[in-house]
Amino acid sequence: MNFIRNIYCVGRNYALHAKELNNEVPASPFLFSKPTHALAEANGSRIALPGDRGAVHFETELIVRIGKPYEQGMTVDELADAMAIGIDFTLRDVQDELKKKGYPWLLAKGFPNSAVVSPFFAFPGVERCKSINFALIKNGEEAQQGNITQMIFDLQTIVDFSARHFGLGEGDIIFTGTPAGVGPVADGDHLALLWDGNQVGECTVSLN
Ligand code: ZN
């Protein structure tokens, strides 16, 4: 895996997913971040996740990697040098408690192996991405499918927002939000990540 610096994640960026968790559709981008210790590559190996803190949900997401320092006016096509399909693993019961208290989501989103990424591959450009779906196959059955045209805030809005509020540069990656269909994983589940119908990453869940 190339060096990864910051991990930004977009919450509630697909209307149907916001609805399935009874969240309002946001009026401006809603971001959080994960520690780099959260990173794990979906290269076929087992991925250990917490089995003692309630439901662990998968959220399948398109990830863009930034290849150069952001300057105002730069397009996503100029900035992104690679992409991946990944999983923003979430401790859903913990997150529900944090939401009630108005606390940050770090405990629910930032645990080791919570940021799973397929091996990165060349970013084909925003226009091309609009005609390509990503998907998650769980134990041989499709669990989620998404397309960037369904995003509430598009990739350009997200990179501009990230740069303005947090800074954006080489090695930063952005999880761009999950479509509807999130759900829990169980010990031994096999997860395959698809881009354009082709498997680009896979892992087996180990809950302990
Ligand atoms: Zn997410």
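Only a predicted model underlies this, so the values are computations on that prediction, with no experimental measurement involved. (Residues numbered from 1 in each chain as written. Predicted model: local features only at pLDDT ≥ 70, side-chain atom pairs only at ≥ 80, totals over all residues. Heavy atoms only, no water.)

Before going further, it helps to examine empty space enclosed by the protein. Enumeration over the complete set of coordinates arrives at one cavity of 30 Å³ or more. Within this model, the largest cavity holds a volume of roughly 90 Å³. In terms of lining, the largest cavity is formed by 17 residues, of which the most central are Gly11, Arg12, His17, Glu59 and Trp105. Elements that contribute at least two residues to the lining of the largest cavity include exactly strand 1 (7-11) and helix 3 (92-101). With three residues, helix 3 is the largest single contributor of residues to the lining of the largest cavity. (1 Å grid on protein atoms, 1.4 Å probe; cavity = no way out; pocket = protein on both sides within 12 Å on 5 of 7 lines; lining within 4 Å. Points joined across faces, edges and corners; volume = space filled by probe spheres on them. Helix = DSSP H or I, 4+ residues; strand = E, 2+ residues; numbered from the N terminus.)

A few words now on the environment of Lys109. Locating Lys109 in the fold gives a position in helix 4 (residues 106-109). Given the relative accessible area of 3%, Lys109 is considered buried. For the pair Lys109 and Lys34, spaced 75 residues apart in sequence, the C-alpha separation works out to 6.8 Å. Those residues in contact with Lys109, other than ones at most four positions away along the chain, are Phe32, Lys34, Glu59, Asp88, Phe89, Thr90, Gln95 and Ser114. One polar contact links Lys109 to Thr90, side chain to side chain, over a distance of 2.8 Å. (Buried < 20%, exposed > 50% of the residue type's maximum accessible area, 1.4 Å probe, protein only. Contact = heavy atoms within 4.5 Å. Polar contact = N/O pair within 3.5 Å; in protein donor to acceptor, adjacent residues only side chain to side chain.)

Before going further, it helps to examine helix 3. Among the residues making up helix 3, those that are buried are Arg92, Val94, Gln95 and Leu98. Taken around the axis of helix 3, the buried residues stretch over an arc of 150°, which confines them to a single face. Facing away from the buried side of helix 3 by more than 90 degrees, the exposed set consists of Lys100 and Lys101. Those residues of helix 3 that are buried are in contact with helix 1 (15-20), strand 5 (56-58), strand 8 (90-91) and helix 4. Downstream of helix 3 by a residue or two, Gly102 has a phi angle that is positive, lying close to 75°. (Arc of directions from axis to C-beta.)

With that settled, consider the pattern of salt bridges. Per the counting criterion, the structure on display carries 10 salt bridges. Lys34 is the salt-bridge partner of Asp88, the closest N and O atoms lying 2.7 Å from each other. Of this pair, Asp88 sits in strand 7 (residues 80-88) while Lys34 is found in strand 2 (residues 30-34), placing the two residues 54 residues apart along the sequence. Each member of the pair, Asp88 together with Lys34, is buried. In this structure, the salt-bridge partner of Lys109 is Asp88, at a minimum N-O distance of 2.8 Å. (Salt bridge = Lys/Arg side-chain N within 4 Å of Asp/Glu carboxyl O.)

Before going further, it helps to spend a moment on the sheet that holds strand 5. The strand order across the open sheet built from three strands is 8-5-13, with neighbouring strands paired in antiparallel fashion. Both outer strands of the open sheet, strand 8 and strand 13 (183-184), are each paired with one neighbouring strand and no more. Summarising the sheet, strand 5 and strand 13 pair through two bridges and their orientation is antiparallel. Within strand 13, the residue paired with His57 across the bridge is Pro184. (Pairing = 2+ DSSP bridges.)

Looking now at helix 6 (residues 155-165). Among all positions of helix 6, only Leu155, Ile158, Val159, Ser162 and Ala163 are buried. Looking straight down helix 6, one finds that the buried residues subtend no more than 125° of arc, so they occupy a single side. Contact partners of the buried residues in helix 6: strand 1, strand 2, strand 6 (60-66), helix 2 (76-79), helix 5 (126-129) and strand 12 (173-175). Gly167 sits one or two positions beyond helix 6 and adopts a positive phi of about 90°.

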